[in-house]
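Secondary and tertiary structure notes
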Amino acid sequence: MATPPSRSAILGLYSSTLRTARSFSSYNFREYFLQRTKDTFRAIQAESDPARVRGMYGEAVKELTVLRRSAIVNQLYGGWKLAVENQAQRGAGEFKTRGDN
């Protein structure tokens, strides 16, 4: 019987997955994968059965490989920035009014 993954292995996988999710150039994909990663690892953290933790960890490793390939493709063929991203870069103090166009 195999042992469940260590805490450091799970945290390493979590940080790798977050880093990969942040590398998406598309805002919607980036935000979706960040939230999905957090939800997945919260579920792993809440699980107490070692066999289920092992299975969930294995699935997360497989998802990371797919996510890395998807992030590369997204970076190659990324589109325009959205208005939401432009507002975040400008800062909270700057607001455009109709006369600024």
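Here the structure is shown first, and the text comes after it.
An account of the accompanying structure is given in this report.

Criteria and thresholds
- Residues numbered from 1 in each chain as written.
- Predicted model: local features only at pLDDT ≥ 70, side-chain atom pairs only at ≥ 80, totals over all residues.
- Heavy atoms only, no water.
- Helix = DSSP H or I, 4+ residues; strand = E, 2+ residues; numbered from the N terminus.
- Expected span 1.5 Å × (residues − 1).
- Buried < 20%, exposed > 50% of the residue type's maximum accessible area, 1.4 Å probe, protein only.
- Contact = heavy atoms within 4.5 Å.
- Salt bridge = Lys/Arg side-chain N within 4 Å of Asp/Glu carboxyl O.
- Core = buried A, V, L, I, M, F, W, Y, C linked by side-chain atoms within 4.5 Å.

Concerning helix α1 (residues 7-22)
- Over its 16 residues, α1 extends 22 Å from the first C-alpha to the last, a length consistent with the 22 Å expected when each residue adds 1.5 Å.
- I10, L13, S16, T17, L18, T20 and A21 are the residues of α1 that are buried.
- If you follow the buried residues of α1, they end up packed against α2 (27-46) and α3 (50-76).

Notes on the pattern of salt bridges
- One pass over the structure, following the stated rule, counts four salt bridges.
- Across the salt bridge formed by E63 and R36, the nearest N and O atoms sit 3.6 Å from each other. With a gap of 27 residues between them, E63 in helix α3 and R36 in helix α2 connect regions that are remote in the sequence.
- Take E63: its relative accessible area is 33%, and that puts it in the partly exposed class.
- Residue classification places R36 among the partly exposed positions, given a relative accessible area of 35%.
- D39 is the partner of R42 in a salt bridge, and the nearest nitrogen-oxygen pair spans 3.5 Å. Pair noted here: R42 and D39 are both in helix α2, with a separation of three residues, about one helical turn.
- By relative accessible area, which is 49% here, R42 ends up partly exposed.

Concerning the environment of L18
- Inspection of the secondary structure assignment puts L18 in helix α1.
- A C-alpha to C-alpha distance of 9.4 Å links L18 and Q35, two positions 17 residues apart in sequence.
- L18 has contacts with L34 and T37, leaving out every residue within four places of it along the chain.

Quick word on the nonpolar core
- Counting eight residues, the largest nonpolar core consists of I10, L13, F41, I44, V53, M56, A60 and L64.
- Elements with a contribution of two residues or more to this core: α1, α2 and α3.
- Of the residues forming this core, the biggest block, four residues, is contributed by α3.
- If near-sequence neighbours (up to four positions away) are discounted, I10 is found in contact with P5, F41, I44, V53 and Y57.
- Core analysis: the second largest hydrophobic core is formed by seven residues, L18, F24, F33 and L34 among them.

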